[in-house]
Amino acid sequence: MKPHLLLLLALLLMLTVAPAARASGTDSVEISVTINEILVVEYVGDDPVEFDVTADDLNEHSKALINQGSINWWSNTAPWTVYVKRTCWDLENYGEDGGVELQVKYGPPDYDNGQNWQLVGCEDHHPSYDHDGEAWVEPYGFPWVFSPDGDDDGIGNGTFTGIDWKVKKLDWNIPPDTYTCTVTFTIAPD
Amino acid sequence: MPMSGNRLARSLAQFACIAALLVFIGLPAWADSEDDPDFYLSVPGVRALKLDRTSLQFTPGAQEMEAGWTQQQVLLARVSANVEWALKLSGTVGQWEGPWDKPVGDIHWKCGGGGYTALTLTEAVAAEGGPCNQQTVPLHFRIRLDWANDTPGEYTYSYILIEVTQP
């Protein structure tokens, strides 16, 4: 076949094919997800927690409320620590913060050997009994920590069960009244 | 034998008549083919697609992590076609780029009122239709999240192929 005939045939083919190439449309979209460090903690339980102090409690200088609630946590990063702090008691006429301590503990009762109670510090950081102003809860590695993926690595979500509360240093010289404070839980990366 | 004068004159007259006839008959025919061309319009089957944006950015918070899904985002596909068409989606790679090999199936999409479908590397038909001009097809996307796997970082999936082709 002569070259000019080949060229003509090629042109005809191009003219025939070109419309077909325009017969469809294509586009694309890119997807991106930015995941920041996310840590969440919440207390689930009675609110308020009420200590109904009796004469026996005053004589024993303490009163405990056992198994009052749970702390649920969620985190996509580790390690982390849950911090607990409170406002000072509203004891206007009973010295500085009233001298009454609040303690918190978690875990089943068999772990209650007296060593697991943590002092919940007043935000005013009363120096006589609260040198760091914060109690803490271990983030992971304790047998009662629940972790959904089973590896206790602190990533995922879980629950500190059996939150116990205790007031200490109760005394007969505390005037009858209702005293309140607000406890705050926070979770933060180590 | 030489042509006589009369005969030559007669031959010239005949030639002049034929030439005149050709001018009268042939030239108008030639002029017609030049000045009044025929028009040929060949309309191919054409399908065109335009997306209202080229990327979707998700920044999930704690509630979305807890729910296991990002909030949905809508991508608007505008289809123009003079023939029947189908809008199809497919992934192009099996994993995201990021802190871990997040699978393509964590991208879920839906079109219209149906449920969400996991994106795969195989084309899936999102919508179909006939000839139209700038018909809007909303494509809803959401991303599966998991506290334990989706550690902090940037995850990118490049890219989802969206085509409008024959059904």
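Right above here is the structure, for reference.
Each value, and the rule that gives it
- Residues numbered from 1 in each chain as written.
- Chains lettered and ligands numbered in written order.
- Predicted model: local features only at pLDDT ≥ 70, side-chain atom pairs only at ≥ 80, totals over all residues.
- Heavy atoms only, no water.
- 1 Å grid on protein atoms, 1.4 Å probe; cavity = no way out; pocket = protein on both sides within 12 Å on 5 of 7 lines; lining within 4 Å.
- Points joined across faces, edges and corners; volume = space filled by probe spheres on them.
- Helix = DSSP H or I, 4+ residues; strand = E, 2+ residues; numbered from the N terminus.
- Nonpolar A, V, L, I, M, F, W, Y, C, P; charged D, E, K, R; others polar.
- Phe/Tyr/Trp six-rings, centres within 6.5 Å; stacked < 30°, edge-to-face > 60°.
- Buried < 20%, exposed > 50% of the residue type's maximum accessible area, 1.4 Å probe, protein only.
- Pairing = 2+ DSSP bridges.

Trainee: Sorry, what's going on with the layout of surface pockets here?
Mentor: Residues and elements named next belong to chain A. Estimates place the volume of the largest pocket at around 890 Å³. Lining of the largest pocket is provided by 29 residues; of these, V49, F51, W89, Y179 and T180 occupy positions nearest its centre. Elements represented by at least two residues in the lining of the largest pocket include exactly β2 (39-45), β9 (156-168) and β10 (183-189). Residue classes in the lining of the largest pocket are distributed as 21 nonpolar, 4 polar and 4 charged.

Trainee: Where do I start with the packing of aromatic side chains in this structure?
Mentor: Working definition: an aromatic ring pair is given by the centre-to-centre distance plus the angle between the planes. Residue and element names in this part refer to chain A. According to the stated counting rule, one finds 5 aromatic pairs over all chains in the structure shown. Seen from their ring centres, Y43 and F185 are 5.4 Å apart, and the 5° between their planes marks the pair as stacked. Within this pair, whereas Y43 is found in strand β2, its partner F185 is found in strand β10, the two being separated by 142 residues in sequence. With a relative accessible area of 14%, F185 lands in the buried category. Aromatic pair W165 and F185: ring centres 6.2 Å apart, planes at 65°, arrangement edge-to-face.

Trainee: Which parts of the structure should I look at to understand the sheet that holds β9(A)?
Mentor: Each strand in a sheet pairs with its neighbour through backbone hydrogen bonds, running either in the same direction (parallel) or in the opposite one (antiparallel). Residue and element names in this part refer to chain A. Strands sit in the order β2-β3-β9-β5-β6 across an open sheet of 5 strands; the sheet is antiparallel. Each edge of the open sheet carries a strand with a single partner, namely β2 and β6 (118-119). Here β2 pairs with strand β3 (residues 62-75) via 7 bridges, running antiparallel. The residue of β3 that forms the bridge with L39 is S75.

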